[in-house]
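Topology and contacts: notes
Each chain, written out:
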Amino acid sequence: MIVPTYIWRKDGHLHSQIFADNVLDLESVGLEDSGQYFCTLSGHEGLNSTSFDITVRPGYPPVSILVSVSASEIVEGDLVTLNCNSDAKPQAENNWYKGELIVGSGGVYSISNIRSDGSGEYKCRSRNKYGEKDSHAVKINVMYAPRDVVVTLNSSGVIVEGDSVTLSCSSDSNPPAVNFSWFKEDQTSAVGSGQSFSISSFSSSFSGRFYCEAQNKYGSQRSASVSLSVNAEDIKPLITVPVGITAAVVMTVILMLVVGLLIRRKRATSSEERNHRGSRVATVESPEDAYMTLEPKSRCAEYDTLDNMKRSCDTDDPEDQDPVYYNIDN
């Protein structure tokens, strides 16, 4: 059996190699390999295959892209550097993407003083005139200490004596905070631990300002203080009763004083009236004095009446009248 021999030609000329089969291998292709190729069966040179063109260009698109990050563990405030290496001819231009947003360009992308919002997936896109290619995505996870530490209360803030009160502590941190400590402002040592702090039966002795401190391996932060106290309406009766009792006592004392003053005043008035009446009796006690105040004529009339005597009082001169003698022994 005779095996056919194929002859490959380039641009109508015999190629530098003759293959005994119908396969043409071109190794280390160069610009000189560009041209039109066809093959013929040996001994039948007039029977040519359909020709086809091979164009060897001076370059090629990116074929492999590698991205590296300067550190495996990144903490907030660090300097982070990403490198992009691509195999392309001519050399490709690189753009850096975070998600679908362009954030930088060049073979090196640096982030100084990286913040928590720098976390995300980054990739490098290489491009030359022959094409473009994306690298695989690399993930940056920025670590940071707790911040925005907040204390919340399990109720509306109205605390009644005997209520169960629970305080909860939350924070923004990466990784999440695992250590929580509770403090009361007037005490030097912690009063509790854990993300929640509970008081089963609240009383006024627990009143005060409380705060929590959240901590992870990168640092800690304390919350603002919250004030806990028994609702004023609950302690109002405790205050009202003593005040009411005191007011009643005061009113009673005032009333007693007023009554006492009235009694004393009444007594004083009665005493003055008696003294006044006594003074009047003393004034008229002596008939002689009363008579002495009468006019002579009038006095004579009185004597006439008292002694059952009828005397003449025609004269105004007392000396002209006869003396009257009274028997005082009777």
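Look above for the structure.
Okay, so let's go over this structure. (Residues numbered from 1 in each chain as written. Predicted model: local features only at pLDDT ≥ 70, side-chain atom pairs only at ≥ 80, totals over all residues. Heavy atoms only, no water.)

Here we look at the overall build of the chain
A tally of regular secondary structure across the chain gives three helices and 22 strands. For the chain, with 330 residues in total, the buried portion stands at 25%. A fraction of 55% describes how many contacts in the chain between residues 6 or more apart in sequence connect residues 24 or more apart. For the chain, the exposed surface amounts to about 22700 Å²; the carbon and sulfur share of it is 52%. (Helix = DSSP H or I, 4+ residues; strand = E, 2+ residues; numbered from the N terminus. Buried < 20%, exposed > 50% of the residue type's maximum accessible area, 1.4 Å probe, protein only. Contact = heavy atoms within 4.5 Å. Areas by Shrake-Rupley, 256 points an atom, 1.4 Å probe, with all protein chains shown as cover.)

Things to note about the pairing of strand 8 (residues 80–89)
Bridging between strand 6 (residues 60–69) and strand 8 involves seven bridges; their strand directions are antiparallel. Pairing of Tyr 60 across the sheet is with Lys 89, part of strand 8. The pairing of strand 8 with strand 11 (residues 108–111) spans four bridges and is antiparallel. Pairing of Asn 83 across the sheet is with Val 108, part of strand 11. (Pairing = 2+ DSSP bridges.)

Examining the packing of aromatic side chains
Any pair of aromatic rings gets described here by the distance separating the centres and the angle formed by the planes. This structure, assessed with the given rule, holds six aromatic pairs. Judged by centre distance (5.9 Å) and plane angle (40°), the rings of Phe 202 and Phe 206 are tilted. Here Phe 206 falls in the partly exposed class, since its relative accessible area comes to 33%. Each residue in the set Trp 96, Tyr 109 and Tyr 122 is aromatic and connected to the rest through ring pairs, giving one cluster. Taking the ring centre of Tyr 97 as reference, the NZ or CZ of Arg 125 above it sits at 4.4 Å. Positioned over the ring face of Tyr 211 is Arg 222, at 3.6 Å from the centre of the ring. (Phe/Tyr/Trp six-rings, centres within 6.5 Å; stacked < 30°, edge-to-face > 60°. Lys NZ or Arg CZ within 6 Å of the ring centre and 35° of its normal.)

Notes on the sheet that holds strand 7 (residues 74–75)
Taken in spatial order, the four strands make up an open sheet running 7-15-16-19, and their pairing is mixed. Of all strands in the sheet, those with a lone pairing partner are strand 7 and strand 19 (196–199), marking the two edges. In terms of strand pairing, strand 16 (residues 165–174) meets strand 19 through four bridges, oriented antiparallel. Across the sheet, Val 165 pairs through a bridge with Ile 199, a residue of strand 19.

Concerning the sheet that holds strand 11
One open sheet holds the three strands; their spatial order is 6-8-11, and the pairing between them is antiparallel. Two strands bound the open sheet, and with one partner strand each, they are strand 6 and strand 11. Neighbour-to-neighbour, the strand axes of this sheet turn through a mean angle of 15°, independent of strand direction. (Axes fitted to C-alpha atoms, helices over the stretch in contact; angles between N-to-C directions.)

Section: unusual backbone geometry
Each neighbour pair has its own omega, and for Lys 89 with Pro 90 the value is 0°, a cis peptide bond. Checked against the element boundaries, Pro 90 lands in the loop between strand 8 and strand 9 (93–98). Residue Pro 175 follows Asn 174 across a cis peptide bond; omega there is 0°. Within the fold, Pro 175 resides in the loop between strand 16 and strand 17 (179–184). At Asn 113, a residue that is not glycine, the phi angle is positive and equals roughly 50°. Mapped onto the secondary structure, Asn 113 falls in the loop between strand 11 and strand 12 (120–128). When its relative accessible area of 44% is taken as the criterion, Asn 113 is described as partly exposed. Phi at Asp 148 takes a positive value of approximately 50°, unusual for a residue other than glycine. You can see Asp 148 is positioned in strand 15 (residues 142–153).

With respect to the pattern of salt bridges
Applying the stated criterion across every chain, the model contains eight salt bridges. Two residues, Glu 76 and Arg 147, come together in a salt bridge whose shortest N-O distance is 3.1 Å. With Glu 76 in the loop between strand 7 and strand 8 and Arg 147 in strand 15, the pair connects residues that are 71 residues apart, well separated along the chain. Residues Arg 147 and Asp 172 are paired through a salt bridge, measuring 3.3 Å at the closest nitrogen-oxygen approach. Placement of Arg 147 in strand 15 and of Asp 172 in strand 16 is noted, with a sequence separation of 25 residues between them. Taken together, the salt bridges that share partners define one network made up of Glu 76, Arg 115, Arg 147 and Asp 172. (Salt bridge = Lys/Arg side-chain N within 4 Å of Asp/Glu carboxyl O.)

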